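Here's the letter readout for the chains.
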Amino acid sequence: SAELVDDYGITIGGTVPSLEGLFDNSWSTDVNNKLYVEFSKVSQSRGVTIVFDLGENPRQYTHLGLLPRIEWVAQSPKYVKIDYSDDKSVWTEGSQMTAFEESELKNSGSWITDDYECTTIKWFEISTTPIQSRFVRVTVIDSFWNSGSYISFDEFFISDKSDSGN
């Protein structure tokens, strides 16, 4: 499951207007099947914070992957911060890092559109060694569209990309 933290009036929309759409293992395969979650009315400074509950016995993981809105990537975040916790009372906090750079999201100067090959998944290291914390808190901040007040995604992924996980 997932929950918004301190939503500050953020609106959830898109073709899958629920947080569960971010980790339902379903993403667009063609222009007639647009699946994305969009956050609007986002503050550039605060962004959107989502807490994912990976369940009582999650698999070990080291990375979080972000798949932008496939048919149009301009609403991808500029920054991301990833934290994790066993019980939501104490968090191991990560640092804010660059999520996407404009050059990664453009092809010949134009925004990438209709990327049904999913070539823009970006992976972020959460921990150098595999962890099994139940909760992952993801904050995405700013975007490249409309002064950063809109952020959209197709999917979030959790994976063990360590040597022991390959």
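Computed from a predicted model, the values in this text were never measured in an experiment. (Residues numbered from 1 in each chain as written. Predicted model: local features only at pLDDT ≥ 70, side-chain atom pairs only at ≥ 80, totals over all residues. Heavy atoms only, no water.)

Visitor: Which parts of the structure should I look at to understand the confidence of the model for the protein chain?
Guide: When pLDDT drops low, the exact placement of atoms in the prediction is not to be read closely. Counting all residues, the mean pLDDT for the protein chain is 80, and 75% of those residues have values of 70 or more. Per-element confidence in the protein chain ranges from a low mean pLDDT of 67 for strand E2 (residues 11-13) to a high of 94 for strand E7 (residues 97-98). (pLDDT = per-residue confidence, 0-100. Helix = DSSP H or I, 4+ residues; strand = E, 2+ residues; numbered from the N terminus.)

Visitor: Looking at this structure, how should I read the pattern of salt bridges?
Guide: Pairs may arise between side chains of opposite charge once their charged atoms sit close together. Within the structure shown, the criterion is met by eight salt bridges. Lys81 is paired through a salt bridge with Asp83; the nearest N and O atoms lie 2.9 Å apart. No difference in accessibility class separates Lys81 from Asp83, as the two residues are buried. (Salt bridge = Lys/Arg side-chain N within 4 Å of Asp/Glu carboxyl O. Buried < 20%, exposed > 50% of the residue type's maximum accessible area, 1.4 Å probe, protein only.)

Visitor: Explanation requested: the nonpolar core in the structure shown.
Guide: With 27 residues, the main nonpolar core has Leu64 and Val138 as its most contacted residues. Contributions of two or more residues to this core are made by strand E3 (37-40), strand E4 (48-53), strand E5 (63-68), strand E6 (77-85), strand E11 (135-143) and strand E12 (150-159). Those residues in contact with Leu64, other than ones at most four positions away along the chain, are Ile82, Lys122, Trp123, Phe124, Ile126, Val136, Val138, Phe156, Phe157 and Ile158. (Core = buried A, V, L, I, M, F, W, Y, C linked by side-chain atoms within 4.5 Å. Contact = heavy atoms within 4.5 Å.)

Visitor: Can you walk me through the pairing of E5 in this structure?
Guide: Two faces make up the sheet, and in a regular strand the side chains alternate between them. Taken across its six residues, E5 has six buried, putting it largely inside the fold. Both E5 and strand E10 (residues 122-125) contribute to a ladder of four bridges, which runs antiparallel. Each bridged residue has a counterpart across the sheet, and for His63 the counterpart in E10 is Glu125. (Pairing = 2+ DSSP bridges.)

Visitor: Could you clarify how one ought to interpret the packing of aromatic side chains in this entry?
Guide: The description of two aromatic rings rests on the distance between their centres and on the angle between their planes. Evaluated as defined, the whole model comprises four aromatic pairs. Considering the side-chain rings of Trp123 and Phe157, the 6.1 Å spacing of their centres and the 40° angle between planes classify their relative orientation as tilted. You can see Trp123 sitting in strand E10 and its partner Phe157 sitting in strand E12, a full 34 residues away along the chain. Residue classification places Phe157 among the buried positions, given a relative accessible area of 15%. Centroid distance Phe153 to Phe156: 4.9 Å. Interplanar angle 55°. Geometry classified as tilted. Since its relative accessible area comes to 7%, Phe156 is described here as buried. Of the aromatic side chains, those joined through ring pairs into one cluster are Phe52, Phe153 and Phe156. Over the face of the ring belonging to Trp111 we find Lys106, whose NZ or CZ atom lies 4.7 Å from the ring centre. (Phe/Tyr/Trp six-rings, centres within 6.5 Å; stacked < 30°, edge-to-face > 60°. Lys NZ or Arg CZ within 6 Å of the ring centre and 35° of its normal.)

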